[in-house]
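Structural characterization, general
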Amino acid sequence: MKSDNMEKYHNDALRYLRVRGDAPEELRVRVEQTMAELARSMPPRFTYRAFPTEHAPDGVRLAGSAVTLTGELAARMLRECGTAVLLACTLGAAFEQRLRALESRDMGEAAILDACASAWVEYGCDLAESEIAARFPGRYLTDRFSPGYGDLPLALQPAVLDALDASRRLGVHAGESLLMLPSKSVTAILGVADRPQPARVRGCAYCSMKETCAYRKGGTSCAV
């Protein structure tokens, strides 16, 4: 992990901590230290699988799976894609145990750890995306998008996890509320196209946290 590549994730963690403007130096140092500790002790784990797409009236079907991606977002994102890749990434149950133990001792430090872990699992997704891109030389990936983004139903989460065999491979499953367990887990879909694809997944309208986001409640956004 090169330090010059980590500033984005440090800044993401600070945004999750709702820091506006320049962060206090002490907090920035704690974030950098926490991210470095996560890098040493808790590398993100991920799995992915590519599927041929079948564009049908009820949505984009992923051949060989039980997944049909319904709604306008998936249709638009995958319009030029004959292949879609499902991805899951997690920090695993060990992170949950570490966070619970820290919460019992120091809630402030636990908040920093939680924010850093959210940024760290995104780092894992970026690593996975780089690996996926290398598997498709001369092809182009769409933005990542996930169940709960735009009009793509969160109810697809169990089918996506099943298609990836994520419970066995990563220990990740969907709870009754459809949120993933362990909590620092992410699923995503990427399309594979023959020409560069425009960036389409940006802003609050596409975010799976839009209904509960602390930034939106405060009248701002995370600027992603």
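1. Topic: the overall build of the protein
- In terms of helices and strands, the protein carries 8 helices and 8 strands.
- Per-residue burial for the protein yields a buried fraction of 42% across its 224 residues.
- In the protein, the share of contacts with a sequence separation of at least 24, taken over all contacts with a separation of at least 6, comes to 72%.
- When the accessible surface of the protein is summed, it comes to about 11600 Å², and 51% of that surface belongs to carbon and sulfur atoms.

2. Things to note about the packing of helix α1 (residues 7-16) against helix α5 (residues 107-135)
- Running from amino to carboxyl end, α1 crosses α5 at an angle of 140°, the nearest separation of the two axes being 8 Å. Between α1 and α5, the crossing angle belongs to the class labelled oblique. Judged by the twist between their axes, the crossing of α1 over α5 is right-handed. Judged by residue contacts, Lys8, Tyr9, Asp12, Ala13 and Tyr16 of α1 engage Ala115, Cys116, Ser118, Ala119, Glu122, Tyr123 and Asp126 from α5.
- For the contact of α1 with α5, a count of residues per class yields 7 nonpolar, 1 polar and 4 charged.

3. A few points about the pairing of strand β2 (residues 59-62)
- The pairing of strand β1 (residues 45-56) with β2 spans 4 bridges and is classified as antiparallel. The residue of β2 that forms the bridge with Glu54 is Arg61.

4. Here's the deal with the environment of Asp58
- Position of Asp58 among the secondary structure elements: in the loop between β1 and β2.
- On the basis of relative accessible area, Asp58 is assigned to the partly exposed category, the value being 40%.
- Between the C-alpha atom of Asp58 and that of Thr70, which follows or precedes it by 12 residues, the distance is 6.4 Å.
- When neighbours within four sequence positions are excluded, Asp58 is seen to be in contact with Thr68 and Thr70.
- For Asp58, the side chain forms a polar contact with the side chain of Arg61, separated by 3.2 Å.

5. Here we look at the pattern of salt bridges
- Applying the stated criterion to the full structure yields 17 salt bridges.
- With its nearest N and O atoms 3.1 Å apart, the salt bridge here joins Arg144 to Glu122. Residue Arg144 is located in the loop between β5 (140-141) and α6 (157-163), and its partner Glu122 is located in helix α5; the two are separated by 22 residues in the primary sequence.
- Judged by its relative accessible area of 19%, Arg144 is buried.
- When its relative accessible area of 25% is taken as the criterion, Glu122 is described as partly exposed.
- A salt bridge links Arg144 to Asp126; its shortest N-O distance comes to 2.9 Å.

6. Details of the sheet that holds strand β8 (residues 185-193)
- Ordered in space as β3-β2-β1-β4-β8-β5, the 6 strands form an open sheet in which the pairing is antiparallel. In this open sheet, the two edge strands, each paired with only one partner strand, are β3 (68-69) and β5.
- Two elements, β5 and β8, share 2 bridges in a ladder whose sense is antiparallel. In the sheet register, Leu141 faces β8, and the bridge partner there is Val192.

How each quantity is defined
Residues numbered from 1 in each chain as written. Predicted model: local features only at pLDDT ≥ 70, side-chain atom pairs only at ≥ 80, totals over all residues. Heavy atoms only, no water. Helix = DSSP H or I, 4+ residues; strand = E, 2+ residues; numbered from the N terminus. Buried < 20%, exposed > 50% of the residue type's maximum accessible area, 1.4 Å probe, protein only. Contact = heavy atoms within 4.5 Å. Areas by Shrake-Rupley, 256 points an atom, 1.4 Å probe, with all protein chains shown as cover. Axes fitted to C-alpha atoms, helices over the stretch in contact; angles between N-to-C directions. Parallel < 35°, antiparallel > 145°, perpendicular 65-115°, else oblique. Left-handed = near helix turned anticlockwise from the far one by under 90°. Nonpolar A, V, L, I, M, F, W, Y, C, P; charged D, E, K, R; others polar. Pairing = 2+ DSSP bridges. Polar contact = N/O pair within 3.5 Å; in protein donor to acceptor, adjacent residues only side chain to side chain. Salt bridge = Lys/Arg side-chain N within 4 Å of Asp/Glu carboxyl O.

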